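# Chains, contacts and geometry: an overview
The residues making up each chain are set out below.
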Amino acid sequence: MTLHHQPGKERIDAVRAFNRFYTRQIGLLDEGLLKSAFSLTEARVLYELAHRDGLTATDLVRDLALDPGYLSRLLKKFEERGLVERAAIEADARRSSIALTPAGRQAFAPLNRDSHDQVAALLDRLAASDQDRLVKAMQTVQRLLGGDNAEPKIPYMLRPLQVGDIGWIVRRQGMLYAQDYGWDETYEALVAEILAAFVKSFDPKWERSWIAEREGEVVGSVFVVRKSDEVAKLRLLYVEPSARGLGIGKRLVDECVSFARAKGYKTMTLWTNDILVSARRIYEAVGFKLAEEERHHSFGKDLVGQNWNLEL
């Protein structure tokens with residue numbers, strides 16, 4: 001059984017304050033939505049009918065959490081105004097699908113346009129970075145209050161390196177290895193040196209980076225660095241704890257291997273150490289072979305370093 005803490009008065013008041021703020025921002029207190037002849041519920045039903053085919057009254061009741069009697073009266077009013085029409089469903093003559101008529105689409109068009117323009121005006125007040133923060137916060141609200149904490153259909157995306165990523169990766173790797181393994185600041189300094197060198201001498205023909213991004217946040221990365229005409233190095237693979245279990249680590253390594261093969265490298269090498277068990281499993285699954293181990297003192301710890309090779 002899942003236990004939930006009862007929300008306190010401060011949290012309840014904060015949510016209510018946000019509701020009052022947002023309804024005022026988007027004009028829900030006006031008699032008609034966006035100065036139209038439609039109420040909020042009427043506009044919402046029109047939106048569903050404009051963007052989805054084959055809807056039934058049952059679908060609308062379920063998806064919009066409407067009272068069946070209220071929806072029935074609303075649809076009857078739409079029919080009398082010539083905005084919607086019904087058609088019998090072949091597989092079940094007792095049920096009918098509901099669709100907008102040409103007049104209904106004509107009535108909905110300015111409402112849809114005005115809603116678009118209203119949101120555009122809201123966002124236009126903000127810098128691009130603040131727009132991203134706002135959208136991310138709204139997605140979080142939608143996911144949590146929607147009662148669906150499942151991962152998004154596309155849980156992450158891979159993209160090239162962008163301005164700001166280098167500092168983020170250095171900071172996060174330094175913090176994560178300190179928290180998980182007790183490594184000191186010399187590891188963070190090493191990451192900074194490796195990435196600074198990568199940027200300064202980057203050769204797009206032979207080298208590549210992949211940044212894993214999830215809901216606007218960097219959650220992993222990896223780099224391919226040219227060692228020689230025949231040897232590529234896989235560097236600095238990492239995945240955020242919050243994004244582990246999604247297959248990001250293996251996907252990043254697979255991208256490195258595919259790139260190296262396409263470029264004609266004969267071997268891919270990497271260095272890690274024996275305490276990074278999850279990474280070792282990924283490397284073994286892809287086909288890397290442990291070449292040699294060496295004991296050394298680095299990052300404030302006595303470690304067993306491991307060199308791995310993959311014949312391409």
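What you are looking at is a predicted structure, and each value in this text was computed from that prediction instead of being measured.

Quick look at a nonpolar patch on the surface now. Residues Leu 126, Leu 134 and Met 138 make up a contiguous nonpolar surface patch of about 210 Å² in total accessible area. Within the secondary structure, Leu 134 sits in helix H6 (residues 128-145). Relative accessible area serves as the criterion here: at 31%, Leu 134 is assigned to the partly exposed category.

Here helix H9 (residues 248-262) spans 21 Å end to end across 15 residues, near enough to the 21 Å set by a 1.5 Å rise per residue. Among the residues of H9, Ile 248, Gly 249, Leu 252, Val 253, Cys 256, Val 257, Phe 259 and Ala 260 are the ones counted as buried. Of the residues flanking the end of H9, it is Gly 264, one or two places downstream, whose phi is positive at about 90 degrees.

Right, let's talk about the side chain of Glu 213 for a bit. With respect to the helices, strands and loops of the structure, Glu 213 is situated in strand E4 (residues 208-214). For Glu 213, a relative accessible area of 19% corresponds to the buried category. For Glu 213, the side chain forms a polar contact with the side chain of Arg 159, separated by 2.6 Å. Beyond its immediate chain neighbours, meaning those up to four positions away, Glu 213 contacts Tyr 156, Met 157, Arg 159 and Val 219.

Glancing now at the pairing of strand E6 (residues 231-239). Counting buried positions along E6 yields seven of nine residues, so the element is predominantly enclosed. Here six bridges tie strand E5 (residues 217-226) to E6, and the two strands are oriented antiparallel to one another. Paired with Val 224 across the two strands is Leu 234, which belongs to E6.

About the cut-offs
Residues numbered from 1 in each chain as written. Predicted model: local features only at pLDDT ≥ 70, side-chain atom pairs only at ≥ 80, totals over all residues. Heavy atoms only, no water. Patch = residues over 30% accessible without salt bridge, like charges linked within 9 Å, V, L, I, M, F, W, Y side chains within 5 Å. Areas by Shrake-Rupley, 256 points an atom, 1.4 Å probe, with all protein chains shown as cover. Salt bridge = Lys/Arg side-chain N within 4 Å of Asp/Glu carboxyl O. Helix = DSSP H or I, 4+ residues; strand = E, 2+ residues; numbered from the N terminus. Buried < 20%, exposed > 50% of the residue type's maximum accessible area, 1.4 Å probe, protein only. Expected span 1.5 Å × (residues − 1). Polar contact = N/O pair within 3.5 Å; in protein donor to acceptor, adjacent residues only side chain to side chain. Contact = heavy atoms within 4.5 Å. Pairing = 2+ DSSP bridges.

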